[in-house]
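Listed below, chain by chain, are the residues.
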Amino acid sequence: MDRADIESRLRDVLVSELGLDGAKINLEANFEQDLDVDSLGVVELLMAMEDEFGVKIPDEEAEHIHTVGEAVDLVHTKLNS
């Protein structure tokens, strides 16, 4: 799966699971600062990402996800390693 597919699917997850405005979602968007996702929302997002992409995201890796682009990078790495 390429980065564009991952980004598109992640955008869909953010809109459907967290109710975010799709127009605000871009690779540079910070979950807490730009998208107003609180810590509980981040946990929900991680679980949704695991379900959507069939990957496991350990807590130590999850701590480094602050932007949509970082989430895409992590999923891309997991799917292609």
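Above this text is the structure in question.
Conventions we followed
Residues numbered from 1 in each chain as written. Predicted model: local features only at pLDDT ≥ 70, side-chain atom pairs only at ≥ 80, totals over all residues. Heavy atoms only, no water. Helix = DSSP H or I, 4+ residues; strand = E, 2+ residues; numbered from the N terminus. Buried < 20%, exposed > 50% of the residue type's maximum accessible area, 1.4 Å probe, protein only. Polar contact = N/O pair within 3.5 Å; in protein donor to acceptor, adjacent residues only side chain to side chain. Contact = heavy atoms within 4.5 Å. Patch = residues over 30% accessible without salt bridge, like charges linked within 9 Å, V, L, I, M, F, W, Y side chains within 5 Å. Areas by Shrake-Rupley, 256 points an atom, 1.4 Å probe, with all protein chains shown as cover. Salt bridge = Lys/Arg side-chain N within 4 Å of Asp/Glu carboxyl O. Core = buried A, V, L, I, M, F, W, Y, C linked by side-chain atoms within 4.5 Å. Axes fitted to C-alpha atoms, helices over the stretch in contact; angles between N-to-C directions. Parallel < 35°, antiparallel > 145°, perpendicular 65-115°, else oblique. Left-handed = near helix turned anticlockwise from the far one by under 90°. Nonpolar A, V, L, I, M, F, W, Y, C, P; charged D, E, K, R; others polar.

**Describing the side chain of threonine 67**
In this fold, threonine 67 is placed in the loop between α3 (59–62) and α4 (68–79). Note on threonine 67: relative accessible area 17%, which makes it buried. Within the local environment of threonine 67, its side chain forms a polar contact with the backbone nitrogen of glutamate 70, the two atoms lying 3.1 Å apart. If we ignore the near neighbours within four places in the chain, the residues touching threonine 67 are Leu27, Glu28, Ala29, Asn30 and Phe31.

**Concerning a nonpolar patch on the surface**
Residues Leu40, Val43 and Met47 make up a contiguous nonpolar surface patch of about 290 Å² in total accessible area. Among the secondary structure elements, leucine 40 is positioned in helix α2 (residues 39–53). Residue classification places leucine 40 among the exposed residues on the basis of a relative accessible area of 54%.

**Brief notes about the environment of glutamate 17**
Tracing the backbone through its elements, the reader meets glutamate 17 in helix α1 (residues 3–18). Glutamate 17 sits 48 residues away from isoleucine 65 along the chain, and the two C-alpha atoms are 17 Å apart.

**Here's the deal with the pattern of salt bridges**
One pass over the full model with this rule turns up five salt bridges. Arginine 3 serves as the salt-bridge partner of aspartate 73, at 2.2 Å between the closest nitrogen and oxygen. With aspartate 73 in helix α4 and arginine 3 in helix α1, the pair connects residues that are 70 residues apart, well separated along the chain. For aspartate 73, a relative accessible area of 37% corresponds to the partly exposed category. Here arginine 3 falls in the partly exposed class, since its relative accessible area comes to 33%. Across the pair glutamate 52 and arginine 9 runs a salt bridge whose closest N-O atoms are separated by 2.8 Å. With glutamate 52 in helix α2 and arginine 9 in helix α1, the pair connects residues that are 43 residues apart, well separated along the chain.

**What about the nonpolar core?**
Counting residues in each nonpolar core, the largest one holds 25 residues, and the members touching the most others are Leu10, Leu14, Phe31, Leu35, Met49, Ile57 and Val68. Of all elements in the fold, only α1, α2 and α4 reach the threshold of two or more residues within this core. Sorting elements by how many residues they give to this core places α2 first, with six residues.

**Topic: the packing of α1 against α2**
One can describe the packing of α1 onto α2 by two numbers: an axis separation of 10 Å at closest approach and a directional angle of 130 degrees. Put simply, α1 runs oblique to α2. Handedness of the α1/α2 crossing: right-handed. Between α1, through Ile6, Arg9, Leu10, Val13, Leu14, Glu17 and Leu18, and α2, the contact on the second element is made entirely by Gly41, Glu44, Leu45, Ala48, Met49, Glu52 and Phe53. Here the contact of α1 with α2 is built from residues that sort into nine nonpolar, one polar and four charged.

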